[in-house]
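Read off the chains here:
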Amino acid sequence: HLGFTRGFAIYDEADSLAAVKHALARHRLDPKVVDPRRVRWRIDQWKNAGDDPAAVARAVYDADARLAADVYATYQRVLDVYRATGLEDSADAGVVLKNYCDVLFFAGRIPEAETCFRRSLALRQRLYGDSASTAMALYSIGRVLTERGDPQAALESLERARSMAAQFFEAGAA
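These numbers were taken from a predicted model, which means no experiment stands behind them. (Residues numbered from 1 in each chain as written. Predicted model: local features only at pLDDT ≥ 70, side-chain atom pairs only at ≥ 80, totals over all residues. Heavy atoms only, no water.)

Some words on the overall build of the protein
Point 1. Helix and strand counts for the protein stand at eight helices and zero strands.
Point 2. Secondary structure elements of the protein occur, N-terminal to C-terminal, as α-α-α-α-α-α-α-α.
Point 3. For the protein, the residues scored as buried account for 39% of the 174 residues in total.
Point 4. Relative to all contacts within the protein whose residues are 6 or more apart in sequence, the contacts with residues 24 or more apart total 56%.
Point 5. Approximately 10300 Å² of the protein is accessible, and the part contributed by carbon and sulfur atoms is 54%. (Helix = DSSP H or I, 4+ residues; strand = E, 2+ residues; numbered from the N terminus. Buried < 20%, exposed > 50% of the residue type's maximum accessible area, 1.4 Å probe, protein only. Contact = heavy atoms within 4.5 Å. Areas by Shrake-Rupley, 256 points an atom, 1.4 Å probe, with all protein chains shown as cover.)

Below, the structure is given as C-alpha cells:
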C-alpha cells in the first residue's frame, strides 16, 4: 500500500491542459488572452509546494496570481467532476455523456434519456457555468419533455436554453 487515497489520479499533460481550459471557460477567460499553459505551470508550482486552492487564495498578492488562484480552485472542481464521472481520460466529459443520452433518446428510452440529460446538464453547469454548452443540454431536456408529452415543461426548458444561448453569444460579441 503506497498511501494514496481512492480518488488519487495522475493526469497526463493533455488531460491537465484540458482541465485548465475548462476552468478558464468557466471564468469566461479567452485562452488566446490568458495562456492555459502558463496557468497550468503556476498551478503545478502550487501543487508541488503542497498548497491547496484555499491556501493559495489567502496568500496571493497580485492580479495575475489572483486570477490563477481562482482558476486553480475551479480546476480542482473540474478534476473532481472527471473523477466522479469516471471520465478522467476524456477531454470533454460533457460531450461523452450527451452522446450517451442521445443514444438513449433515439432508442426510445425516454425516462432514462431524461435522467441522463439532467445529469449532463448538471455536469455542464459545473464545468462550464452558463454557456452555450449548458444551453445545449437544456435544449435536449426540452426535446425529451416534448417526446414525453409535457409541452409546458418543454417550453420552459427551451426558453431557458434560448435565453442562455442569447446571453452567451451577446457576451461573446461584446
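Here's the deal with the environment of Leu17
Point 1. The residue Leu17 is located in helix α1 (residues 13-26) in this model.
Point 2. Residues Leu17 and Trp41, 24 residues apart in the sequence, show an inter-C-alpha distance of 9.7 Å.
Point 3. Ignoring anything within four residues of it in the chain, the contact list for Leu17 reads Pro36, Arg37 and Arg40.

Here's the deal with the nonpolar core
Point 1. Residues Ile43, Trp46, Val71 and Tyr75 are the most contacted members of the largest nonpolar core, which totals 19 residues.
Point 2. Residue contributions to this core peak at eight residues, all from helix α4 (residues 63-85).
Point 3. When near neighbours in sequence (up to four residues on either side) are disregarded, Trp46 contacts Asp51, Val56, Val60, Ala65, Ala68, Ala69 and Tyr72.
Point 4. Formed by 17 residues, the second largest nonpolar core is a distinct cluster that contains Cys101, Cys116, Leu121 and Ala135. (Core = buried A, V, L, I, M, F, W, Y, C linked by side-chain atoms within 4.5 Å.)

Quick word on the packing of aromatic side chains
Point 1. Applying the stated criterion across every chain yields a total of one aromatic pair.
Point 2. Centre to centre, the rings of Trp46 and Tyr72 are 5.7 Å apart; their planes meet at 20°, and the pair counts as stacked. On the criterion of sequence distance, the pair formed by Trp46 in helix α2 (residues 36-48) and Tyr72 in helix α4 is long-range, its members being 26 residues apart. The residues Trp46 and Tyr72 share a single accessibility class, namely buried. (Phe/Tyr/Trp six-rings, centres within 6.5 Å; stacked < 30°, edge-to-face > 60°.)

Comments concerning the packing of α1 against α2
Point 1. Two elements in contact, α1 and α2, have axes separated by 9 Å at closest approach and are oriented at 105°. Relative to α2, α1 is oriented roughly perpendicular. Of α2, the residues touching α1 (which contributes Glu13, Ser16, Leu17, Val20, Lys21 and Leu24) are Pro36, Arg37, Val39, Arg40 and Ile43.
Point 2. Partitioned by chemical class, the residues of the contact of α1 with α2 number six nonpolar, one polar and four charged. (Axes fitted to C-alpha atoms, helices over the stretch in contact; angles between N-to-C directions. Parallel < 35°, antiparallel > 145°, perpendicular 65-115°, else oblique. Nonpolar A, V, L, I, M, F, W, Y, C, P; charged D, E, K, R; others polar.)

Examining the environment of Ala23
Point 1. With respect to the secondary-structure elements, Ala23 resides in helix α1.
Point 2. C-alpha of Ala23 to C-alpha of Leu79: the two residues are 56 residues apart in sequence and 9.7 Å apart in space.
Point 3. Apart from the residues lying within four places of it in its own chain, the contact partners of Ala23 are Val71, Thr74, Tyr75 and Val78.

Looking at the environment of Tyr139
Point 1. With respect to the helices and strands, Tyr139 occurs in helix α7 (residues 132-148).
Point 2. Expressed as a C-alpha distance, the spacing of Tyr139 and Phe117, which sit 22 residues apart in the sequence, is 9.5 Å.
Point 3. Those residues in contact with Tyr139 that sit more than four places away from it in its chain are Leu158 and Ala161.

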